[in-house]
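Structural overview for review
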Amino acid sequence: MDKVISFVLVVFICCICTGGNGQSAAGEIPSLKTVFKEDFLVGAALNRHQVNETDPMATACIARQFNTLTPENDMKAALIHPEWGRYNFTEADKIIAFGERHQLQINAHTLIWHSQLPAFVMHMHDKDSLQRFFKDHISVIASRYDGKVYSWDVVNEALNEDGTMRKSLFQRTLGDDYVVQAFQLAGQAAPHTKLYYNDYNIERPEKRAGAVALIRKIQAAGVRIDGVGIQGHWHLGRVPLKDIEESILAYAALGIDVMFTELDISVLPDPKGVEGADVNQQKGYNNALNPYAGSLPDSVQQQLARDYENLFRLFLRYKDKIGRVTFWGVNDGDSWLNNWPVPGRTNYPLLFDRQFNPKMAFNKVIALKTGTVTK
Ligand code: 9MR
């Protein structure tokens, strides 16, 4: 009987301490980076406003919660290399300074991607010019930030859903080997930087087989690749835990680090024909596609919390193989999913709400480590 009373007392105290919303008695929200410090790094993609520290609440949340960042856009080719031979390092340099100021390790994103290319490259058809752009771009940027960033997403999204090579400008003009070349050039320019391949849906068996083959090809060429980023753009109630688990094992077996690099869980209905995270897929708005414009129903909040809890339980099981888990945004208001694949929606895919309050999903994830009782 005594035991029962003590148990009830402990549960009661825990509830008071967390205020039911994950806050301690002192009013402090637990910190993801602290709670998971023995397991893996926890990060977020940051936009330009956040790097410029225009919102003190955003800065405080980032500094408290995360120990690694990925620039959401400002190191992409269109922004950092807008014209032939002209680079604009202003924003990228601010990202480095932000990382130093707040002690966040930086994953630079991304050197070679078919999207967000500068106009002068998109219209380039001859092999010599593209080859020259390719070499200059990788060498100049990777060497400038060597030792300042921890890692690079060297190549992003080179694969189709069936695991074959995407017929991108790079593939069509330079051939399939462009991926191996990109890693080779990056390795020469940035010997102190980890080099990763990053893509979405590469937990799915078919696409995973393509990614495994691509990584093996890089390794067989004697070229360095240090890790793979599974982006992790998933959907409410459909997080593919089995595929994720098999993927962690398959990629780790290649002797490389496994990361979850762009994590979010969309709670909104998908328009027909949209899969993955291809930024070029856009669909028209209608109200039926935006059911939670006012607020998120409790049942959906709970499902989101269950999805995140199950996912992080899996991450913890394989923590020896997982180097980093990065969310694609800090709070729900930042997320690209408010405007993709349908513009102007209200999505709720992250752990913090639009006012930076921790959501039920945050509490569930934290509780996996602390055992704190949460609602
Ligand atoms: O979140 C990014 C969004 O702000 C940009 O408009 C978009 C196009 O560049 O890219 C988004 O980030 C993508 C990332 O770079 C690669 N994987 C898919 C991400 C979501 O689209």
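Now for a quick tour of the structure. All values derive from a computational prediction rather than experimental measurement.

Of regular secondary structure, the chain possesses 14 helices and nine strands. Its C-alpha atoms give the chain a radius of gyration of 21 Å, near enough to 21 Å, the size a compact globule of 375 residues would have. Burial status across the chain gives 55% buried among its 375 residues. Within the chain, contacts between residues separated by at least 24 positions form 80% of all contacts whose residues are at least 6 apart in sequence. A total accessible area of about 15800 Å² is found for the chain, and carbon and sulfur atoms account for 53% of it. The averaged location of the 42 negative side-chain charges in the chain is 2 Å from the averaged location of its 40 positive side-chain charges.

When two helices pack together, their arrangement is given by the angle between their axes and by how far apart the axes lie. For the pair helix H12 (residues 241-252) and helix H13 (residues 298-317), the least separation of the axes is 11 Å and the interaxial angle reads 20°. It follows from the interaxial angle that H12 and H13 lie roughly parallel. Where H12 crosses over H13, the two elements pack in a sense that is right-handed. Contacts between H12 and H13 involve Leu241, Ile244 and Glu245 on the former and, on the latter, Asn310, Leu311, Leu314 and Arg317. Within the contact of H12 with H13, the residues separate by chemical class into four nonpolar, one polar and two charged.

Relative to each other, helix H8 (residues 127-144) and helix H10 (residues 178-189) sit at 35°, their axes nearing to 8 Å. Note on packing geometry: the crossing formed by H8 with H10 is right-handed. Of H10, the residues touching H8 (which contributes Gln131, Phe134, Lys135, Ile138, Ser139, Ala142 and Ser143) are Tyr178, Gln181, Ala182, Leu185, Ala186 and Ala189. Partitioned by chemical class, the residues of the contact of H8 with H10 number eight nonpolar, four polar and one charged.

Moving on: the pairing of strand S6 (residues 227-230). Along any regular strand the residues' side chains alternate between the sheet's two faces. Because side chains alternate across S6, one face comprises the buried residues Gly227 and Gly229, and the other comprises Val228 and Ile230, equally buried. Taking the sense of rotation as the criterion, the β-α-β connection linking strand S5 (residues 194-199), helix H11 (residues 205-220) and S6 turns out right-handed. Here S6 runs beside strand S8 (residues 257-266); their pairing, made up of four bridges, is parallel. In the sheet register, Val228 faces S8, and the bridge partner there is Val258.

What counts and how
- Residues numbered from 1 in each chain as written.
- Predicted model: local features only at pLDDT ≥ 70, side-chain atom pairs only at ≥ 80, totals over all residues.
- Heavy atoms only, no water.
- Helix = DSSP H or I, 4+ residues; strand = E, 2+ residues; numbered from the N terminus.
- Rg over C-alpha atoms; globule rule 2.2 N^0.38 Å.
- Buried < 20%, exposed > 50% of the residue type's maximum accessible area, 1.4 Å probe, protein only.
- Contact = heavy atoms within 4.5 Å.
- Areas by Shrake-Rupley, 256 points an atom, 1.4 Å probe, with all protein chains shown as cover.
- Lys, Arg positive; Asp, Glu negative; His and termini not counted.
- Charge placed at Lys NZ, Arg CZ, Asp CG, Glu CD.
- Axes fitted to C-alpha atoms, helices over the stretch in contact; angles between N-to-C directions.
- Parallel < 35°, antiparallel > 145°, perpendicular 65-115°, else oblique.
- Left-handed = near helix turned anticlockwise from the far one by under 90°.
- Nonpolar A, V, L, I, M, F, W, Y, C, P; charged D, E, K, R; others polar.
- Right-handed = clockwise from strand over helix to strand, strands pointing away.
- Pairing = 2+ DSSP bridges.

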